[in-house]
Amino acid sequence: MKAVRLMPFLVFLGYIKCHILQRSLQDAAMRYFKRQNYLEENLRDIASIMVSQFLQKVTYEDVQTIVKEVLDIAKKCKEFKPYESPSECSHQMMITFLEHICNNQGMVDKYGFSDCCNKNYTARQKCFLSHKKDDAEYSDIFQIPNPEQILNKSCEMDKENQVSVRERYIYETSRKHPFLYGPTILTTSACYETAIHSCCQEENKTECLQIKLEPIRRYVREISLRHHHLCEIGIKFNHRVSKAVELVLLTKKQPKANFSEIAKLTMDIKNLHQTCCEGNTVECVFGRSQLMNDTCSKQAILSKKITQCCKQPVPFRGECIINAENDDKPDQLLPLSRSTEDQLACEQFTDKQDDFLQEFLYEYSRRHPELAVPVILRVAMAYQNLLEKCCKLEYPQECYSHGKEMLQTVVHESHQRVRNYCDLHEKLGDRNFHYRLVVLYTKNIPQLSAQVLVVLTKNMAAAATKCCPLSDEQQFSCIEDSAKLIFGALCRRHEAEPTNAGVGRCCDDSYAFRKICFDDLQSDGTYVSQSLACDQVISLEENLCKAQEEELQTEKLKLLSNLVKHQPQATEMQLLSVVADFSNLVRMCCQAKESEKCFREKIRVNHGCLAMEPGGEEGKTSRGRSLHVAEEPQISSIWSLGRKRCLDHML
């Protein structure tokens, strides 16, 4: 079985060609799309994606009803002559859909859209978009049925009911991932349906389905994060940034294409991103199909790597093109010296700054496909700043002639940061590296809950585990690529629930230097810790004895984060000592015959949540208590403390 391989983005959605299934299943799914007019036959599914992503709390049955009503409106509009059609027929389906929702007062009241429906078209659409919550914020109410339920409903179904299996998947995936582009959902729905049908032939159906569906779920989660990130760039930063990102991606993928072709394709893709991010699923799917047709018509001048892709049907054609290897660099590509040696550089920069900088990005990217997008953007910003300074001087060429060394320094410094990061990971090991990240980011962003900080740092630690063993060049690109997604998600959270000024600065000032800013972020000295009840700090109960190792580790990390918030001046050794005491207590009580009784007995209520024995000077905090528990820990079970506050007694 081939694993899904995440590749850099060429356009606007990710790759999942059913390679996660056997080759025969991919062929079966592709034949499904060959036997129909894909776009017209799938209009119902496309409309279902749009409705489910905007109305995440609406039931499956209500979504199907709304889809039918919207498609009925579209069908009636088709029957009118141009001069006879009512006003609603002049709108795109998305606008018609939102208008239809707002005309249903019962639904408006039930799902809380009255604030949006009181606005005009453009403001209304933005308001509905602001109501979308992604999987990380909303996962508690979304449950795709488990494998047993799916198999019981699908293996003996007739053809009509088999369609409902795919529709149900589309509904659940769309509402769980409201920023995932429609074409990706259509593609994964084909893989999902094909996997189910293939497992119905297996003796162990449930095991078969678990094996084949997990890679699809994992891919959807990862690619949804990328799509949401692309949408954030378009919304948060000016059009130059989103245009620059697309231009770099395209150039790295197709370095033999000339600048005019890349520039045109960049604008087409940027506009399509905007359409998809606005939730206009119908136009997103149709636009993507047209873009791929245009790309295939120019494959001779764009890239020789997409020839086989262009023979595939929709939607696999697009997925294949996106996942195609970077084309080879043009032969005899000269070093990029014109930008720092040309006497006319200032004249060109002053006359047409945007065009001049875009061409620099193009030329630099095709020479350095190994660099991640943020690194190339840092180089471009450094070059722009250099020209802005030098072109004001009487002899500017003397000033910018040293630019080559300066641009190399930008890359070198970014690379050195990644090396240092991976060196620390290697030195500490996975678990201690994660501990270090929890301490660091709790000090920097203490306003986040312990749970959120554990998830944030878990993603960072996982990126280090994945990227750091790679070759030097791949390690650099991998860490940078992971960081942009992790910090992008953090910034979206900050946008919804502001944390502190430092985070706001890193999120808002520069997309290219966002990672650098977070690398250099300092502890938030303005934070005043809140007094927390013990049950908000640590969970000491019998359930811990049944917890998996990963769950137990999460509890340790949450404890560590809460300790840091309350005592940011405590040393890392002191903090980890308390975590070790917690581990020892859990291990001891879980081995006892009566675990709950053990937790209750190891307590000195007068000392609070954790009772500390007097220790030497080295093991004391500013409050004078040692972080080391006696050989036989005396720790209170949380429930016996009621409302007593405990953190003051832990350190």
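Note: the structure precedes this text.
Residues numbered from 1 in each chain as written. Predicted model: local features only at pLDDT ≥ 70, side-chain atom pairs only at ≥ 80, totals over all residues. Heavy atoms only, no water.

Draft legend 1. View of the overall build of the chain. Scanning the chain from N- to C-terminus turns up 32 helices and zero strands. By residue count, 53% of the 651 residues in the chain fall in the buried class. Of the roughly 31,100 Å² that the chain leaves accessible, carbon and sulfur atoms contribute 48%. (Helix = DSSP H or I, 4+ residues; strand = E, 2+ residues; numbered from the N terminus. Buried < 20%, exposed > 50% of the residue type's maximum accessible area, 1.4 Å probe, protein only. Areas by Shrake-Rupley, 256 points an atom, 1.4 Å probe, with all protein chains shown as cover.)

Draft legend 2. Main features of the packing of helix 29 (residues 549–566) against helix 30 (residues 572–591). In contact at an axis separation of 10 Å, helix 29 and helix 30 are set at 145° when each is read in the N-to-C sense. Judged by the twist between their axes, the crossing of helix 29 over helix 30 is right-handed. Taking contact as the criterion, the partners of L552, E555, K556, L559, L560, L563 and V564 in helix 29 are, on helix 30, L575, L576, V578, V579, F582, S583 and V586. Partitioned by chemical class, the residues of the contact of helix 29 with helix 30 number eleven nonpolar, one polar and two charged. (Axes fitted to C-alpha atoms, helices over the stretch in contact; angles between N-to-C directions. Left-handed = near helix turned anticlockwise from the far one by under 90°. Contact = heavy atoms within 4.5 Å. Nonpolar A, V, L, I, M, F, W, Y, C, P; charged D, E, K, R; others polar.)

Draft legend 3. Molecular detail of the pattern of salt bridges. Overall, the coordinates contain 31 salt bridges when judged by the stated rule. With a closest N to O distance of 3.7 Å, K304 and D328 form a salt bridge. Residue K304 is located in the loop between helix 17 (299–302) and helix 18 (316–323), and its partner D328 is located in the loop between helix 18 and helix 19 (338–341); the two are separated by 24 residues in the primary sequence. In this structure D328 comes out as partly exposed when scored by relative accessible area, which is 38%. (Salt bridge = Lys/Arg side-chain N within 4 Å of Asp/Glu carboxyl O.)

Draft legend 4. Examining the nonpolar core more closely. Counting 80 residues, the largest nonpolar core has L361, L377, Y441 and F518 as its most contacted members. Counting residues per element, this core draws most heavily on helix 22 (residues 373–390), at eleven residues. The residues contacting L377, other than those within four sequence positions of it, are A244, V245, V248, L361, Y511 and A512. Listed in part, the 51 residues of the second largest apolar core include C102, M107, V108 and I196. (Core = buried A, V, L, I, M, F, W, Y, C linked by side-chain atoms within 4.5 Å.)

Draft legend 5. Focus on the environment of C117. Here C117 is to be found in helix 7 (residues 114–117). Through-space distance from the C-alpha of C117 to that of N103 is 8.6 Å; in sequence the pair is 14 residues apart. Not counting residues up to four positions away in its chain, the partners in contact with C117 are C102, V108, R124 and F128.

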